[in-house]
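Coordinate inspection notes
Here is how the chains run, residue by residue.
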Amino acid sequence: SDNAKASGDFSKKPTCLIFLGMAGSGKTTLVQKVTSYLYEKKPAPYVINLDPACAEMPYPANIDIRDTVKYKDVMKQYGLGPNGGIVTSLNLFATQFDQLLGLLDKRQDQHEYVIIDTPGQIEVFTWSASGSIITEALAAGFPTVIVYVMDSVRSVNPVTFMSNMLYACSILYKTRLPFVVALNKARILPTDVVDSSYAEEWMRDFEAFDEALRSESSYATNLTYSMSLVLDEFYSNLRCTGVSAVTGARLDRLLELVGDARREYLTEY
Ligand code: GTP
């Protein structure tokens, strides 16, 4: 496949965007907004829902895992709880993933983007065999970019922010794919209380983050300090923007960063 990439075949293929993020970070809302944003431009994106447990989907999907596996039936049949049911549903779906890749191959000239929504609980996808199988299969055939969705309202606490970024960092190392961070729920609605620029400042300016950490009573250990130094290194190459999945603000910037990430894939993977 390295030869295919070198010969430029990959440069004509659509970009696969895998949306990942903690439960409630706004993945589904953002997927919906990006999808309708792209629908207004042409060509329309190819949309895949990999969340077997979502009740209703606010966007039209070309492929929906719920058409193939019924997560409630899987729970009953295997005597599983909700999380086990979701993991097993994803495993069942992964066994047929080559068929989906075949479909994508046939449709690849018609699309510029393939959009993939993942299960609500992030670890179901990032720490399961099937999540890795699906990610690797996509990345072997198409330029693939991770969009990590972060809830900027819940991350105003510097320690929480750091934990979320460490998680992002672990996903980067695990997938080794180009990465874009979407700081969602940025203050764009009048009712939103948080301006996501605090996060951008923390990433740009280590002193500012260090100061915020010092004001935390829990900031006591050398480990915390060391980890923030490690993250400083991670931030230095990170593509990141505030967005609002509700209003659609700064989606243009998000897609610009996705374009940069795609170029990174084409030159380095
Ligand atoms: P699960 O997959 O269900 O775990 O969540 P998710 O990550 O897909 O998040 P979802 O899109 O369901 O959004 C969670 C909540 O955040 C919903 O109530 C959304 O309306 C809200 N939300 C999402 N994006 C934004 C945003 O940009 N601004 C504001 N104010 N709320 C948002």
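See above for the structure.
Below, the structure is looked at part by part. All values derive from a computational prediction rather than experimental measurement.

Some points on the packing of aromatic side chains
Counted according to the given criterion, the structure contains eleven aromatic pairs. What links up through ring pairs into an aromatic cluster is the set Y148, F161, F179, Y198, W202, F209, F234 and Y235. For the cation-ring pair, K13 lies above F10, with the distance from its terminal atom to the ring centre recorded as 4.7 Å.

Quick notes on the sheet that holds strand β7 (residues 239–242)
The strand order across the open sheet built from seven strands is β3-β2-β4-β1-β5-β6-β7, with neighbouring strands paired in parallel fashion. Two strands close off the open sheet at either side, each with one partner strand: β3 (63–64) and β7. Strand direction decides the pairing type here: strand β2 (residues 46–49) and β3, joined by two bridges, are parallel. Residue I48 lies in a different strand from β3, and its bridge partner there is I63. Contacting β1 (15–21), β5 (144–151) and β6 (179–184), helix α9 (residues 158–175) crosses the sheet at an angle of about 170° to β5.

Concerning the environment of V124
Examined against the element boundaries, V124 turns out to sit in helix α7 (residues 122–126). Residue V124 is classed as buried on the basis of its relative accessible area of 5%. For V124 and N83, which are 41 residues apart along the polypeptide, the C-alpha to C-alpha distance reads 7.7 Å.

What about the nonpolar core?
Of all hydrophobic cores here, the largest spans 57 residues; its most connected members are Y148, F161 and M165. In terms of residue count, α9 provides more of this core than any other element does, seven residues in total. Each residue touching M165, except ones within four places of it in the same chain, is listed here: M150, V181, M203, L231, F234, Y235 and L238. With 23 residues, the next largest nonpolar core counts F19, V31, V145 and L254 among its residues.

Here is what the cut-offs are and how they apply
- Residues numbered from 1 in each chain as written.
- Predicted model: local features only at pLDDT ≥ 70, side-chain atom pairs only at ≥ 80, totals over all residues.
- Heavy atoms only, no water.
- Phe/Tyr/Trp six-rings, centres within 6.5 Å; stacked < 30°, edge-to-face > 60°.
- Lys NZ or Arg CZ within 6 Å of the ring centre and 35° of its normal.
- Pairing = 2+ DSSP bridges.
- Helix = DSSP H or I, 4+ residues; strand = E, 2+ residues; numbered from the N terminus.
- Contact = heavy atoms within 4.5 Å.
- Axes fitted to C-alpha atoms, helices over the stretch in contact; angles between N-to-C directions.
- Buried < 20%, exposed > 50% of the residue type's maximum accessible area, 1.4 Å probe, protein only.
- Core = buried A, V, L, I, M, F, W, Y, C linked by side-chain atoms within 4.5 Å.

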